Amino acid sequence: MIELRDVSKRYGDVEVLHPTTLRLGRGVSVLLGPSGSGKSTILRLLTGLATPSSGEVCLWGQTVSPGTIGSLRRRLGYVIQEGGLFPHLTAADNVALAARYFGWDEGRVNARLVELCALTHLPADVLARYPAQLSGGQRQRVGLMRALMPGPELLLLDEPLGALDPMIRAELRADLLEIVRRLGQTVVLVTHDLAEAAFFADRVVLLRDGGVVQQGTMADLVERPADPFVTRFIGAQSGPFVPGARPEGAR
Amino acid sequence: MRIRRAGVLPIAVAALLTSCTTAPDEVRVGSKKFTESVILGEILAQMERAAGVAAGHRAQLGGTQILWHALLAGDIDMYPEYTGTIRADILHLATGAPEASLREALARHGVAMSGSLGFEDRYALGMKARDAARLGVRSLSDLRAHPKLRLGFSEEFLNRPDGWPAVRTRYRLPQADIRPLDHDLAYRALAAGDIDAMDLYTTDAEIPYYDMVVLDDDLQVFPDYHAVVLYRLDLAQRAPAALRAVRDLEGGIKAEEMRRLNGRVKLERVPERAAAADFLAATLQIAQEPAAEGRARRVGRAVAEHLSLVAASLVTAVVVAIPLGIAAARRRRLGTAILALAGVVQTIPTLALLVLLIPVLGIGAAPAVAALFLYSVLPIVVNTMAGLAGIPASLLESADVLGLSRRARLYKVELPLASPSILAGVQTAAVINVGTATLGALIGAGGLGQPILTGIRLDDMRLILEGAVPAALLALIVQALFAWLSRGLVPRGLRLRPES
């Protein structure tokens, strides 16, 4: 269980997140909203990259603080938009960097690499390549492997499909859904894309201008919009969109 | 990591510095970087050795201030000097100050002055005899009628109060076209017709060689410049025999003799050592010393000295500057301060920096290494900072969220990513050092600057090339070395071009 208790974040005079209370449990929670809505700020607060200006962030009952963040980070995985891979390390070394730093022996590292290749559908020979030699989709799969390496209880995905072209995007999207379903953990995915939210979400948190507008299932948002903004946001992106239905055909 | 292995290096550097600065000689003779001074220094050193004193000669050090401070610091025990220089440049006494007041003022510094060695070497202005006859110039007063004359003066003559400023004021000279020139180059400029008149020393061998006339100092501006030996007072206790040798030389060299010795070295290319030995054998019946080392050995030694200067300064700079660059990248204000300071150091002219370092480090390799170190720090700090600052925030945050400590992030992510930039900074510093180290010869650090300096002084192209060619080759080798090093030190992933 992850919780924001009355958390706000300001940079100077600008409050990028107004006091917000949020509880997210198992399954995929999608933080949805236009840019500047505060969704990425929430992710930064959860990873300890940003500290709250007021309130507290709790992971599994522990408050995120300089004292606890070290051990809490070992229980979460984080994937950023372009993978955030270290260009000086091979894909395998990227994935294994933290595990080796935490003292895993090579046998355990290699066994886990094999597991993760199977899970993310990444051919094992790709692991020997450097990020500059990978395609965008491969980079994202390696980034996902790196986040999953320690077997995290919480997986945070920041626009994981953002930078990919449509073909690869559709393929990775299906794989990603399968992976998070199979893991069955708490997943927080940030996106501005309504279709992507509809595809992944067990639960959607719609944000606007640093505050939560509505949270619930996709169907709740479509059928019982809490605010004219919800209707506008959905209307602007949906087109011929079937509300609430997970497009199974995409698999 | 390779950074940790660097821990032993400062010790090695310190050991190297110590070995460079300690000389076994009992008495050390210094000389300035002009031929007459080198010959006199060589004569003094050979006389000391003939008298049974272990003596060494630190030849052609930069200039008056360098020699004087080296004498005060005890890096040298004696050197040939001129009374006019002592009065004006060292003690800043009035032009007419008597000899007794000179001795008194010197004694307060723990320094004594010998009697005249037998000749004077005053400043004078000279022209080609043909030009002087054509223009009807015989004395300095006559110059007033020719305002268009082009004058080439040494930096020292231009600036010393008893040099050009005194001449211009006293004679009310109107010339405006004045070029600062190295003294030896000025003769060539005069011969080539690029300048019309120049400062010279009255014992210069070139005066008859270039068919020049010395203009009469009719208003007697130039003070007396008797050649003397300045020595440390403590020599009387430490090496009384050394002082006796100095006494023996007093009055021993006449002006014509000095001009002839200068001519043998500068024009006939006889090494100073041999010219000095011939003089001592002929006049004081002192046996000749064996000949100097051959060319190959000489070049080899110069290259080794040069490399040790570059290596010692560069290794120290790497060890100091990379952590400084890391600190500067972390703390903006500290970074600004470090950059400002390093930038100021960079703007100090090399010779000035060397002179500043002499009171602290003496002469020889130590101040040269220190100066090269200071020049190397800036490019390495700047490139380390730039390399670290150029890492995208997303990569640093990825490392943080993966749970890496600050230290682990630095060693496993930041330094490898910054390594191409850091290495480029070290390469820049190394190439600059190979070039700048040639100036170390001015303060007795040896190296490839030694033959270049001697070559310029003697107008000997072969000697200049003996220093310049190996120095250029060294710079190329350093470039190649770094290209090779970057293959080993820069991670392979950073040398790939993205596919897309």
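Everything numeric here is computed off the predicted structure, so don't read it as measured data.

Listed by partner, the interface residues are 21 residues for chain A and 25 residues for chain B. Contact between chain A and chain B buries roughly 2100 Å² in total, counting both sides, with carbon and sulfur atoms accounting for 68%. Summed over the shared surface of chain A and chain B, the number is one salt bridge. In terms of residue count, helix 3 (residues 91-101) of chain A provides more of the side of chain A that touches chain B than any other element does, three residues in total. Along the lines of polarity and charge, the residues of the side of chain A that touches chain B split into 13 nonpolar, four polar and four charged.

Attention shifts here to the domain arrangement of chain B. Here the domain parsing of chain B yields domain 1 (31-120 + 225-283), domain 2 (123-214) and domain 3 (295-495). Here the C-alpha centre of domain 3 of chain B lies 42 Å away from the C-alpha centre of domain 2 of chain B.

Time to look at unusual backbone geometry. Phi at A:Asp6 takes a positive value of approximately 55°, unusual for a residue other than glycine. Examined against the element boundaries, A:Asp6 turns out to sit in strand 1 (residues 2-11). A positive phi angle, near 55°, is found at B:His92, a position not held by glycine. Counting through the fold element by element, B:His92 comes out in the loop between helix 5 (83-90) and helix 6 (99-108).

Looking now at the layout of surface pockets. Residue and element names in this part refer to chain B. Roughly 1000 Å³ of internal volume is contained in the second largest pocket. Considering the residues around the second largest pocket, the lining is formed by 39 residues, among which Lys33, Gly62, Gly63, Glu156 and Tyr201 are closest to the centre. A class-by-class count of the residues in the lining of the second largest pocket yields 14 nonpolar, 10 polar and 15 charged.

Moving on, we come to the packing of aromatic side chains. Scanning the entire structure with this criterion turns up 14 aromatic pairs over all chains. Ring centres of A:Tyr101 and A:Phe102 lie 5.2 Å apart, and the angle between their planes is 55°; on these two criteria the pair is classed as tilted. Accessibility expressed as a relative area gives 30% for A:Tyr101, which makes it partly exposed. Looking at A:Phe102, the relative accessible area reads 27%, which means it is partly exposed. With a centroid separation of 5.1 Å and an interplanar angle of 90°, the aromatic rings of B:Tyr209 and B:Tyr210 are classed as edge-to-face. Taken together, B:Phe34, B:Tyr82, B:Tyr123, B:Phe153, B:Phe157, B:Trp164, B:Tyr201, B:Phe222 and B:Tyr225 form an aromatic cluster joined through their ring pairs. Note that A:Arg146 overlies the ring of A:Phe86, its terminal NZ or CZ placed 4.8 Å from the centroid.

Turning next to the packing of helix 20 (residues 393-401) of chain B against helix 21 (residues 406-436) of chain B. Residue and element names in this part refer to chain B. Across the interface, helix 20 lies against helix 21 with an axial gap of 11 Å and an inter-helix angle of 165°. In terms of their interaxial angle, helix 20 and helix 21 are classed as roughly antiparallel. Considering the relative orientation of helix 20 and helix 21, their crossing is right-handed. Across the interface between the two elements, Leu395, Leu396, Ala399 and Asp400 of helix 20 pack against Arg409, Val413, Glu414 and Leu417 of helix 21. When the residues that make up the contact of helix 20 with helix 21 are grouped by side-chain class, the tally is five nonpolar, no polar and three charged.

Each value, and the rule that gives it
- Residues numbered from 1 in each chain as written.
- Chains lettered and ligands numbered in written order.
- Predicted model: local features only at pLDDT ≥ 70, side-chain atom pairs only at ≥ 80, totals over all residues.
- Heavy atoms only, no water.
- Contact = heavy atoms within 4.5 Å.
- Buried area = accessible area lost by both parts, 1.4 Å probe.
- Salt bridge = Lys/Arg side-chain N within 4 Å of Asp/Glu carboxyl O.
- Helix = DSSP H or I, 4+ residues; strand = E, 2+ residues; numbered from the N terminus.
- Nonpolar A, V, L, I, M, F, W, Y, C, P; charged D, E, K, R; others polar.
- Domains from an automatic or database assignment.
- 1 Å grid on protein atoms, 1.4 Å probe; cavity = no way out; pocket = protein on both sides within 12 Å on 5 of 7 lines; lining within 4 Å.
- Points joined across faces, edges and corners; volume = space filled by probe spheres on them.
- Phe/Tyr/Trp six-rings, centres within 6.5 Å; stacked < 30°, edge-to-face > 60°.
- Buried < 20%, exposed > 50% of the residue type's maximum accessible area, 1.4 Å probe, protein only.
- Lys NZ or Arg CZ within 6 Å of the ring centre and 35° of its normal.
- Axes fitted to C-alpha atoms, helices over the stretch in contact; angles between N-to-C directions.
- Parallel < 35°, antiparallel > 145°, perpendicular 65-115°, else oblique.
- Left-handed = near helix turned anticlockwise from the far one by under 90°.

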